[in-house]
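Take a look at the letters that make up each chain.
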Amino acid sequence: EPEVTQTPSHQVTQMGQEVILRCVPISNHLYFYWYRQILGQKVEFLVSFYNNEISEKSEIFDDQFSVERPDGSNFTLKIRSTKLEDSAMYFCASSVRESGELFFGEGSRLTVL
Amino acid sequence: KQEVTQIPAALSVPEGENLVLNCSFTDSAIYNLQWFRQDPGKGLTSLLLIQSSQREQTSGRLNASLDKSSGRSTLYIAASQPGDSATYLCAVWSRDTGNQFYFGTGTSLTVIP
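Not measured: the values here are computed from a predicted model.

J.: Explain the overall build of chain B to me, using residue names and the numbers behind them.
T.: Each helix and strand in chain B was counted, giving zero helices and eleven strands. Helices and strands appear in chain B in the N-to-C order β-β-β-β-β-β-β-β-β-β-β. The C-alpha radius of gyration computed for chain B amounts to 13 Å, which stays within 12% of the reference 13 Å derived for 113 residues, consistent with globular compactness. Projecting the C-alpha coordinates of chain B onto the three principal axes gives extents of approximately 45 × 30 × 20 Å. Looking at charge distribution, chain B has the averaged site of its 8 positive side-chain charges lying 5 Å from that of its 9 negative ones.

In structure tokens form, the structure reads like this:
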């Protein structure tokens, strides 16, 4: 069964360092998303991406964040200068259509020290 | 902004019991509602998607209903098993409040053998 894959599964970084989280969405999906979940809190929307551009972003997704689809398969989330409060589980998701069924990856746990 | 609430926050039942999980949302103008399962430290697994025009969806022992006018959805699990132990999340897609899924805080279910 097709699935969304994410790497790395866990990353530990020092505050101020740049981090890139990678995702391979399901191959025939057109809409891509990043969500995050701080320990014990709700899953929160960060950004949606369609047709090689951001279609929606939340207040969390400030100038420190960027997304890119550098080739036909990968979808990346970059955090330019990490802060302690960026520590969370980051989930990539994809769907065939806007508002369609979302399929999530296993997540990348980011720990900022 | 869409607010999604799930009650109860935690539920413990003996194996074999039927149970109902509740989800309520503040903005009834939704496109669809999706139920997920999340195991500790893992990603979100899609269980059921209900389109706004539908009243319910069934998959195996799971049945989800949707009442848009009252802003409620329920997830019914029949004949619960220890393997059903997980956190169950509902998420709603609202175009009027941003093209994104809004998540509830989840219900943590423990099925006791």
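J.: Can you lay out the pattern of salt bridges for me, pointing to particular residues and giving the numbers?
T.: For the coordinates displayed, the defined rule picks out three salt bridges over all chains. Residue Arg36 of chain A is joined to Glu44 of chain A by a salt bridge in which the shortest nitrogen-to-oxygen separation is 3.2 Å. We classify Arg36 of chain A as buried; its relative accessible area is 10%. Asp84 of chain B is the partner of Arg61 of chain B in a salt bridge, and the nearest nitrogen-oxygen pair spans 2.8 Å. Taken together, the residues span a long stretch of sequence, with Arg61 of chain B in the loop between strand 6 (56–59) and strand 7 (62–67) and Asp84 of chain B in the loop between strand 8 (72–77) and strand 9 (86–94) at a distance of 23 residues. Arg61 of chain B sits in the partly exposed class, given a relative accessible area of 30%.

J.: Describe in detail the state of the cysteines, supporting the description with residues and values.
T.: Note on terminology: a disulfide is the covalent bond linking the sulfur atoms of two cysteines. Scanning the model with the defined rule gives two disulfides over all chains in all. For Cys23 of chain A, the disulfide goes to Cys92 of chain A, at an S-S distance of 1.9 Å. Note on the Cys23 of chain A and Cys92 of chain A pair: the S-S dihedral is about -65 degrees, so by sign convention the disulfide is left-handed. Taken together, the positions of Cys23 of chain A in strand 3 (residues 19–24) and Cys92 of chain A in strand 9 (residues 88–95) put the pair 69 residues apart, joining distant regions of the chain. For the pair Cys23 of chain A and Cys92 of chain A, one class covers both residues: buried. Disulfide partner of Cys23 of chain B: Cys90 of chain B, at an S-S distance of 2.0 Å. In this structure, the disulfide formed by Cys23 of chain B and Cys90 of chain B twists by about 70 degrees around the S-S bond and is classed as right-handed. With a gap of 67 residues between them, Cys23 of chain B in strand 3 (residues 19–25) and Cys90 of chain B in strand 9 connect regions that are remote in the sequence. Like Cys23 of chain B, the residue Cys90 of chain B is buried in the burial classification.

J.: Describe in detail the packing of aromatic side chains, supporting the description with residues and values.
T.: Any aromatic ring pair is given by two values, namely how distant the centres are and how the planes are angled relative to each other. Counted according to the given criterion, the structure contains 15 aromatic pairs over all chains. Ring geometry for Tyr35 of chain A versus Phe103 of chain B: centroids 5.6 Å apart, planes at 75 degrees, classification edge-to-face. Placement of Tyr35 of chain A in strand 4 (residues 31–37) and of Phe103 of chain B in strand 10 (residues 100–103) is noted, with the two residues assigned to different chains. Each member of the pair, Tyr35 of chain A as well as Phe103 of chain B, carries the same accessibility label: buried. Counting every residue linked through ring pairs, the aromatic cluster contains Tyr33, Tyr35, Phe45, Phe91 and Phe104 of chain A together with Phe36, Trp93, Phe101 and Phe103 of chain B.

J.: Explain the interface of chain A and chain B to me, using residue names and the numbers behind them.
T.: Taken together, the contact pairs 20 residues of chain A with 24 residues of chain B. Between the two partners, chain A and chain B, sit zero salt bridges. At the boundary of chain A and chain B, one finds six residue pairs in polar contact (both at pLDDT 80 or more). Where the side of chain A that touches chain B is concerned, the elements lending two or more residues are strand 4, strand 5 (43–50) and strand 9 of chain A. Classifying every residue of the side of chain A that touches chain B by side-chain character gives eight nonpolar, five polar and seven charged.

Basis of the calculations
- Residues numbered from 1 in each chain as written.
- Chains lettered and ligands numbered in written order.
- Predicted model: local features only at pLDDT ≥ 70, side-chain atom pairs only at ≥ 80, totals over all residues.
- Heavy atoms only, no water.
- Helix = DSSP H or I, 4+ residues; strand = E, 2+ residues; numbered from the N terminus.
- Rg over C-alpha atoms; globule rule 2.2 N^0.38 Å.
- Lys, Arg positive; Asp, Glu negative; His and termini not counted.
- Charge placed at Lys NZ, Arg CZ, Asp CG, Glu CD.
- Salt bridge = Lys/Arg side-chain N within 4 Å of Asp/Glu carboxyl O.
- Buried < 20%, exposed > 50% of the residue type's maximum accessible area, 1.4 Å probe, protein only.
- Disulfide = S-S within 2.5 Å.
- Phe/Tyr/Trp six-rings, centres within 6.5 Å; stacked < 30°, edge-to-face > 60°.
- Contact = heavy atoms within 4.5 Å.
- Polar contact = N/O pair within 3.5 Å; in protein donor to acceptor, adjacent residues only side chain to side chain.
- Nonpolar A, V, L, I, M, F, W, Y, C, P; charged D, E, K, R; others polar.

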